[in-house]
Amino acid sequence: GNSVTQMEGPVTLSEEAFLTINCTYTATGYPSLFWYVQYPGEGLQLLLKATKADDKGSNKGFEATYRKETTSFHLEKGSVQVSDSAVYFCALGNMNRDDKIIFGKGTRLHILP
Amino acid sequence: SAVISQKPSRDICQRGTSLTIQCQVDSQVTMMFWYRQQPGQSLTLIATANQGSEATYESGFVIDKFPISRPNLTFSTLTVSNMSPEDSSIYLCSALDSLNTEAFFGQGTRLTVV
């Protein structure tokens, strides 16, 4: 079945550092890939997505590229801010097939001022 | 995008009782889902709420414990039955957008069973 594996947290960085959160997946077919973010005390929000191989999703300075050859969708940001402190979830879904979205375990990110 | 309202936002319940969580979407959607997020954990899909038919449950979840209703295209309920402390969790409602390209989430219901 489909699954998502992402790097364990927590990840602690200083402000303006470079961020990478690794995510790999196992799936049948051609899933869409997502990164969701959960800020403290808030609900889950879609951060970015990619629907096919080599697509790059981007939002708020974050980027992730859908790599079919390595089955990866790593999240990157060149210069993190304190306000980026949150839990980040990598996810996949076979949209227009069974439509379920499967989540990774989440990575808690702490940014120090 | 869809706006999803859940209620209650939180509750503290006695073991052995049941709680029904409501999920209202501001537009008609085909697919709705219920997830559980245990403390410090990821989201686990409980079931897909199908309009006009029974919900489809994931492995490890059964209808007797988590009955779901989906009376129309904008509304669903999840009941957590005969609760125990192990059911303490955040329960989230989700819906796909009209193009079935991404999922939106409610704010969640934080349930504590004592």
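Data block above holds the structure.
Here is what the cut-offs are and how they apply
- Residues numbered from 1 in each chain as written.
- Chains lettered and ligands numbered in written order.
- Predicted model: local features only at pLDDT ≥ 70, side-chain atom pairs only at ≥ 80, totals over all residues.
- Heavy atoms only, no water.
- Helix = DSSP H or I, 4+ residues; strand = E, 2+ residues; numbered from the N terminus.
- Rg over C-alpha atoms; globule rule 2.2 N^0.38 Å.
- Buried < 20%, exposed > 50% of the residue type's maximum accessible area, 1.4 Å probe, protein only.
- Contact = heavy atoms within 4.5 Å.
- Areas by Shrake-Rupley, 256 points an atom, 1.4 Å probe, with all protein chains shown as cover.
- Lys, Arg positive; Asp, Glu negative; His and termini not counted.
- Charge placed at Lys NZ, Arg CZ, Asp CG, Glu CD.
- Pairing = 2+ DSSP bridges.
- Axes fitted to C-alpha atoms, helices over the stretch in contact; angles between N-to-C directions.
- Salt bridge = Lys/Arg side-chain N within 4 Å of Asp/Glu carboxyl O.
- Polar contact = N/O pair within 3.5 Å; in protein donor to acceptor, adjacent residues only side chain to side chain.
- Nonpolar A, V, L, I, M, F, W, Y, C, P; charged D, E, K, R; others polar.
- Disulfide = S-S within 2.5 Å.

Visitor: In this structure, what is going on with the overall build of chain B? I would like to understand it.
Guide: From N to C terminus, chain B includes zero helices and eleven strands. Listing each helix as α and each strand as β along chain B from the N terminus yields β-β-β-β-β-β-β-β-β-β-β. Taking 114 residues into account, the globule formula puts the C-alpha radius of gyration at 13 Å, and chain B, at 13 Å, falls close to it. Across its three principal directions, the C-alpha atoms of chain B cover 40 × 25 × 20 Å. Taken over 114 residues, chain B has a buried fraction of 54%. A sequence separation of at least 24 residues applies to 52% of the contacts in chain B between residues at least 6 apart. Accessible surface for chain B amounts to roughly 5,400 Å². Of this, 48% is attributable to carbon and sulfur atoms. Within chain B, the 9 negative side-chain charges are centred at a point lying 9 Å from the centre of the 7 positive side-chain charges.

Visitor: Would you take a moment to explain the sheet that holds strand S7 (residues 56–59) of chain A for this structure?
Guide: The strands making up a sheet associate through hydrogen bonds between their backbones, and the pairing can be parallel or antiparallel. All names here are of chain A. Spatial ordering of the open sheet is given by S3-S9-S8-S7, a layout of four strands whose pairing is antiparallel. On the outer flanks of this sheet lie strand S3 (19–21) and S7, each paired with one strand and no other. Across the sheet, the mean angle from the axis of one strand to that of its neighbour is 15°, orientation sign disregarded.

Visitor: Can you help me understand the interface of chain B and chain A in this one?
Guide: Interfaces are often described in size by the accessible area the parts lose on coming together. On the chain A side, the residues contacting the 19 residues of chain B number 18 residues. If you look at where chain B meets chain A, you find two salt bridges. Note that Glu58 of chain B is salt-bridged to Lys100 of chain A, the shortest N-O span being 3.2 Å. In this structure, the connection of chain B to chain A is made through seven residue pairs in polar contact (both at pLDDT 80 or more). If you list the elements that add at least two residues to the side of chain B that touches chain A, you get strand S4 (32–37), strand S5 (43–49) and strand S10 (103–105) of chain B. A class-by-class count of the residues in the side of chain B that touches chain A yields nine nonpolar, eight polar and two charged.

Visitor: Where do I start with the state of the cysteines in this structure?
Guide: Disulfide: a covalent bond connecting the sulfur atoms of a pair of cysteines. All names here are of chain B. Considering all chains together, one arrives at two disulfides over all chains under this definition. Disulfide pairing is shown between Cys23 and Cys93; the S-S distance is 1.9 Å. Where Cys23 bonds to Cys93 through sulfur, the torsion about that S-S bond is close to -70°, and the disulfide is left-handed. Taken as a pair, Cys23 in strand S3 (residues 19–25) and Cys93 in strand S9 (residues 89–96) lie far apart in primary sequence, 70 residues in all. Since its relative accessible area comes to 0%, Cys23 is described here as buried.

Visitor: Teacher, can you tell me more about the pattern of salt bridges here?
Guide: Pairing is possible between side chains of opposite charge, provided their charged atoms come close. Within the structure shown, the criterion is met by six salt bridges over all chains. Notably, a salt bridge pairs Glu102 of chain B with Lys49 of chain A, separated by 2.9 Å at the nearest N-O pair. Of this pair, Glu102 of chain B sits in the loop between S9 and S10 while Lys49 of chain A sits in strand S6 (residues 44–50), on two different chains. Among the residues examined, Glu102 of chain B registers a relative accessible area of 14% and is labelled buried.

Visitor: Quick question: what am I supposed to make of the environment of Ser88 of chain B here?
Guide: Residues and elements named next belong to chain B. As for its placement among the helices and strands, Ser88 is situated in the loop between strand S8 (75–80) and S9. For Ser88, a relative accessible area of 19% translates into the label buried. The spatial distance from the C-alpha of Ser88 to the C-alpha of Cys13 is 9.3 Å, given a sequence separation of 75 residues. When neighbours within four sequence positions are excluded, Ser88 is seen to be in contact with Pro39, Leu111, Thr112 and Val113. Side-chain polar atoms of Ser88 contact the backbone oxygen of Pro85, separated by 2.9 Å.

Visitor: Can you help me understand the sheet that holds S8 of chain B in this one?
Guide: Residue and element names in this part refer to chain B. Ordered by their spatial adjacency, four strands build an open sheet running S1-S3-S8-S7, and the pairing between neighbours is antiparallel. Every other strand in the sheet has two partners, leaving strand S1 (4–7) and strand S7 (68–72) as the edge strands with one partner each. Averaged over all adjacent pairs, the angle separating strand axes in this sheet is 15°, with direction ignored. Across four bridges, the pairing between S1 and S3 is antiparallel. Within S3, the position partnered with Gln6 by the bridge is Cys23.

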